[in-house]
Amino acid sequence: MIPKSLESELQARVAHAITPREAAVDVMKALQVHYGWLTDEAVAEAAELLGLATLQVEELATFYEMIYRRPVGKKVIHVCDSIACWTLAGETLLQQLAERLGINVGETTADGCFTLLPCCCLGNCTEAPTMMVGDNIYNRLTLQTALVYIEGERRLIEGGLR
Amino acid sequence: MGPLLFRHNRPGRVVTFGEYQEGGGFAALTKALQEYSPGQVQQTVIDSGLRGRGGAGFPTGRKWSFVPRDLPGPRWLICNCDEMEPGTCKDRILLEANPYSLVEGMVLACYAIGVRHAFIFIRRGYEQAAANLQRALAEAREAGLLGSNINGSDFSCDIEVHLSAGRYICGEETALMNALEGKRANPRAKPPFPAVKGLWGGPTVVNNVESLANIPDIILNGADWFKSLARIPAAAGTKLFSISGHVQQPACVELPLGVPLGELIDTACGGMRSGSSFKSCLPGGASTPYLTREHWDLPLDFDTVAAAGSRLGTGGLVVFDQDTCMVRATLNLVRFYARESCGWCTPCREGLPYVVNMLQKIEAGEGSMEHIAILQDHVKYLNYAFCALAPGAMGPVEGLLRHFEGELLEHVIGQKCPYKRA
C-alpha cells in the first residue's frame, strides 16, 4: 500500500500527462523509490494509476535498465563496462569489486546494502572509469578509490541518507 | 576562433540566467520574434549548413522542412538527450555548464516549425542536467521567454522534461517516441517518417541537444558566419568533441569542424598518455568504424570521415594505444550492442550474440579462418535488421576486418591473443 499523499501526487502527475501512460516511467520510478524495487504490488498499483493492465506495466518495467523488478540492495552499484571505461580497466573493476564485496555480479551483499550490476555507458567517458551508486556518480576510479566511495555510501545508508 | 556553445561557460559551475542574458543570450529569440517569419528562421538554419550533432549528421533545417505546414492538429519537437552512445558525454557536459542555449534554441525551433509543445528526453544518470534544465525552463517562463505570448508576440510554446530509466535504444528516434508515449521502446517502421507521422501520430521533429543549442547563434549572426567557423570550406560550424581512452588528458572541447584528428589529440588532450602511441580510435561513438594512424591528419567533418570509410557520429572519440587488442575492443563493443538490443527483430536479437560468440572464440585462441569468414558475412547480414542498432554494432567489426585483418590472423594462427593483459 502506498501512502495517500504519494497516491494523490501520482494521480496529479497522470492527470497532467497528455495520455495517462505517458507518465508510466515517472510512476514506476516513484513506486520504486517507495518500495526499494518495483514489487508485484507496485506493478498492480502503477497499472491502476495509469489505467493499464498489469501486463502492460510489466512489459515496460522489464525493459528499462534502472527499473528493478527483483529485490535489490538499498543502493545499486552500476559499474560502466562500455568502451571508454574499458580502455582504462573498467572491465576488470567490476569483477574485482564483486570479489571484494563477496558476491557475484547481479547479487546483493549480505547486509542488504548493495546490489552490483554492470551498466551501459554512463556518459561520463572523460572521467573514466566510472560507476553510479544510487544517484551518485564517481569518477576516475581505481579499485581502492571505488572501495572507499562504497564505504562512504554504506555510511550514508546507515545514517538514513541518500 | 573562440568557442560558440562553450562561450557562456563558467569554471566549475553552471552559468546563471542573468549571466547568459548579459552574454547575448535570448537576443536571437527576441530578434527572430520581431523581425523574422518562421519560414525565414527555417531558411537561415538550412542555409547555415548545420548538420545534426546526434550521430547521423542529417541537415537540421531540412529535417524541419519535411514537416507539412498545412496539416491540422498538434505537431511536436523532441530534443534527444538520451546520450548513451559509448564514448559520448558532450550533451551532459554542455547542459551541466549551460542549459539556456538549448532552451533558447528549442523555442526558436518551435517557432520555425509551428510547435506549441516540446519535450526534452533525458536519460537516467543525467539528473544534474535535468535539474539545470528544469530551473532554466522556470526562469524562462518567469521572464516571458517561454509559455504564452513569448516576449509579447502572438507565439506561444512550452517545453517539458521527460526523465527516462536507461536503455540505449531509446536514443533511436522512433523508439524514443514510443518511450515518450509510455510504450515499450521498440523502434517503429519507417516510412512513415516522424516528420509526417510521429509522436501520437502527429508530425514530429527529433533533434539532438547540440544541434538545437547551435540555433540561437546561427539566427543572431547569420548562415554565412556559421559556415565560416569551420576549418574547411565544406564544413559548417563548431563541434563538441569528447575524447577519452589512452590520451594524456581526456577532455570535452569545442573546436571548428574540420580540425585534424592528430591536432585534436595533441592540442586538446596533451597527446597520448605517457608510454602510449596512437594505434586507432573510434571517431564518433561505439558504432563508427575505426580510424588508424593513416588518418592522423584527416580533417574531422561528416563528409571527410565518411570518405575515409567511417562516420563522424557524435564526435565522441575513444582512443586506443599500441597495447590495445583490437579483437578484444571489438568484442567489448559488440557485447554492448548484444546486451542493448531490444529483441524486436531476429537478425539483431540472434545475430549479435552469435557475433559475440565468434569474437570470443577468436580472442580465446580458439578461432579458425571460418570464424573470420562468418564475421564478414554478418557485416552484410545484419543490415537486414529492423533498425540501425545492429548495422551500427557491425561498424567496429567491419573496421576490424578492414584495418586489423593481420591482428585477427595472428589470433587465429597463433591460437592465442598476442597482447599481454593488465
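Since this is a predicted model, take the numbers as computed values, not measurements.

Focus: the layout of surface pockets
Residues and elements named next belong to chain A.
Point 1. The space that makes up the second largest pocket amounts to roughly 700 Å³.
Point 2. Around the second largest pocket, the lining comprises 23 residues; the ones closest to its centre are Val33, Lys74, Gly134, Asp135 and Arg162.
Point 3. At the level of secondary structure, the elements contributing two or more residues to the lining of the second largest pocket comprise α2 (24-35) and β1 (75-80).
Point 4. With four residues, the top contributor of residues to the lining of the second largest pocket is α2.

Quick word on unusual backbone geometry
Point 1. Following alanine 128 of chain A, the chain continues into proline 129 of chain A via a peptide bond in cis, with omega recorded as -10°.
Point 2. By secondary structure assignment, the location of proline 129 of chain A is in the loop between β2 (114-119) and β3 (131-133).
Point 3. Here proline 191 of chain B and proline 192 of chain B are connected by a cis peptide whose omega angle stands at 0°.
Point 4. Structurally, proline 192 of chain B can be placed in the loop between α8 (173-180) and β4 (204-208).
Point 5. At phenylalanine 26 of chain B, a residue that is not glycine, the phi angle is positive and equals roughly 70°.
Point 6. At tryptophan 200 of chain B, a residue that is not glycine, the phi angle is positive and equals roughly 45°.
Point 7. Among the structural elements, tryptophan 200 of chain B can be located in the loop between α8 and β4.

A look at empty space enclosed by the protein
Any space left empty among the atoms is revealed by the rolling of a water-sized probe across them.
Residue and element names in this part refer to chain B.
Point 1. Enumeration according to the criterion identifies two cavities of 30 Å³ or more in this entry.
Point 2. Size it by volume and the largest cavity reaches roughly 80 Å³.
Point 3. Around the largest cavity, the lining is made up of 13 residues, and of these Cys342, Trp344, Cys345, Cys348 and Cys387 lie nearest the centre.
Point 4. Residues belonging to the lining of the largest cavity are distributed by class as follows: 11 nonpolar, two polar and no charged.
Point 5. By volume, the second largest cavity amounts to about 50 Å³.
Point 6. Surrounding the second largest cavity, Arg7, His8, Tyr20, Gly24, Gly25, Phe26, Ala28, Ser101, Glu104, Pro216, Asp217 and Leu220 form its lining.
Point 7. At the level of secondary structure, the elements contributing two or more residues to the lining of the second largest cavity comprise α6 (100-113) and α9 (209-221).
Point 8. Tallying contributions element by element places α9 first for the lining of the second largest cavity, with three residues.

Notes on the packing of helix α3 (residues 38-48) of chain B against α9 of chain B
How two helices sit against one another is set out by the angle between their axes and by the gap between those axes.
Residues and elements named next belong to chain B.
Point 1. The interhelical angle for the contact between α3 and α9, taken along N-to-C directions, is 100°, at an axis separation of 10 Å. As the angle between them shows, α3 and α9 are arranged roughly perpendicular. Note on element contacts: α9 touches α3 through Ile215, Ile218 and Ile219, opposite Val41, Thr44, Val45 and Ser48.

Details of the interface of chain A and chain B
Point 1. Residue-level contacts link 39 residues of chain A with 59 residues of chain B.
Point 2. In total, chain A and chain B occlude about 3,800 Å² of area from one another, counting both sides; carbon and sulfur atoms represent 56% of this.
Point 3. If you sort the residues of chain A by the area they bury against chain B, Phe63, Ile83 and Thr126 of chain A come out on top, with a joint share of 20%.
Point 4. On inspection of chain A and its partner chain B, the count reaches two salt bridges.
Point 5. Ionic pairing is found between arginine 339 of chain B and aspartate 81 of chain A, a salt bridge with its closest N-O pair at 2.9 Å.

A short note on the packing of aromatic side chains
Point 1. As enumerated under the stated definition, the model contains 19 aromatic pairs over all chains in all.
Point 2. On the basis of an interplanar angle of 85° and a centroid distance of 5.8 Å, the ring pair of phenylalanine 63 of chain A and tyrosine 64 of chain A is categorised as edge-to-face. An identical accessibility class is assigned to phenylalanine 63 of chain A and tyrosine 64 of chain A; each is buried.
Point 3. Considering the side-chain rings of tyrosine 290 of chain B and phenylalanine 404 of chain B, the 6.1 Å spacing of their centres and the 80° angle between planes classify their relative orientation as edge-to-face. Placement of tyrosine 290 of chain B in the loop between β7 (278-282) and β8 (291-292) and of phenylalanine 404 of chain B in the loop between α16 (389-403) and α17 (405-414) is noted, with a sequence separation of 114 residues between them.
Point 4. Overall, the relative accessible area of 0% leaves tyrosine 290 of chain B in the buried class.
Point 5. The exposure class of phenylalanine 404 of chain B is buried, given its relative accessible area of 9%.
Point 6. Taken together, the ring pairs connect Trp86 of chain A together with Tyr290, Phe320 and Phe404 of chain B into an aromatic cluster.

Overview of the sheet that holds β2 of chain A
All names here are of chain A.
Point 1. The strand order across the open sheet built from four strands is β2-β1-β3-β4, with neighbouring strands paired in mixed fashion. Looking along the sheet, the strands with just one partner apiece sit at the ends: β2 and β4 (136-138). When the angles between neighbouring strand axes are averaged without regard to direction, this sheet yields 20°.
Point 2. As defined by bridge partners, β1 adjoins β2 across six bridges and the pair is classed as parallel.

Structural notes on helix α14 (residues 346-363) of chain B
All names here are of chain B.
Point 1. Over its 18 residues, α14 extends 25 Å from the first C-alpha to the last, a length consistent with the 26 Å expected when each residue adds 1.5 Å.
Point 2. Buried residues along α14 sit against α13 (326-340), α15 (369-381), α16 and α17.
Point 3. Phi turns positive one or two residues past the end of α14, at glycine 365, with a value near 80°.

Brief notes about the domain arrangement of chain A
Point 1. For chain A, the domain assignment lists domain 1 (4-63) and domain 2 (75-158).
Point 2. Of note, the centres of domain 1 of chain A and domain 2 of chain A, computed from C-alpha atoms alone, are 28 Å apart.

Basis of the calculations
- All residue numbers refer to position in the chain's written sequence, counted from 1.
- Think of it this way: whatever chain is written first is A, whatever ligand is written first is 1, and the rest follow in order.
- At least 70 in pLDDT is required for a residue's local features to be given in this predicted model, at least 80 for side-chain atom pairs to be given and counted, and no such filter applies to totals for whole chains, interfaces and linings, which use all residues.
- Excluded from the side-chain calculation are hydrogens and water; included are all heavy atoms of the structure.
- For each structure, a 1 Å grid was placed over the protein atoms alone; sets of points admitting a 1.4 Å probe that cannot get out are labelled cavities, open sets with protein on both sides within 12 Å along at least five of seven lines are labelled pockets, and lining residues have an atom within 4 Å of a point.
- Grid points are joined across faces, edges and corners, and a volume is the space filled by probe spheres set on the points.
- Going along the chain from the N terminus, every DSSP run of H or I of four or more residues is numbered as a helix, and every run of E of two or more is numbered as a strand.
- In this classification, Asp, Glu, Lys and Arg are treated as charged, Ala, Val, Leu, Ile, Met, Phe, Trp, Tyr, Cys and Pro as nonpolar, and every other residue, Gly included, as polar.
- The axes used here are C-alpha line fits, helices contributing only the stretch in contact, and every angle between their N-to-C directions lies in the interval 0 to 180 degrees.
- Here the word oblique covers every angle except those under 35 degrees (roughly parallel), over 145 (roughly antiparallel) and from 65 to 115 (roughly perpendicular).
- Only heavy atoms matter for contacts: two residues are in contact if any of them lie within 4.5 Å across the pair.
- Summed over both partners, the accessible area (1.4 Å probe) lost when two parts come together is defined as the buried area.
- By definition, a salt bridge exists where a carboxyl oxygen of Asp or Glu is found within 4 Å of a side-chain nitrogen of Lys or Arg.
- Centre distance within 6.5 Å is the pairing criterion for rings of Phe, Tyr and Trp, where only the six-membered ring of Trp is used; planes under 30 degrees apart are then read as stacked, over 60 as edge-to-face, and the remainder as tilted.
- Each residue is assigned to one of three classes by its accessible area relative to the maximum for its type, calculated with a 1.4 Å probe on protein chains only: buried under 20%, partly exposed between the two thresholds, exposed over 50%.
- Only strands joined by at least two bridges in the DSSP assignment are considered to pair.
- A helix is expected to span 1.5 Å for every residue after the first.
- Domain borders in the structure are assigned automatically or taken from a domain database.

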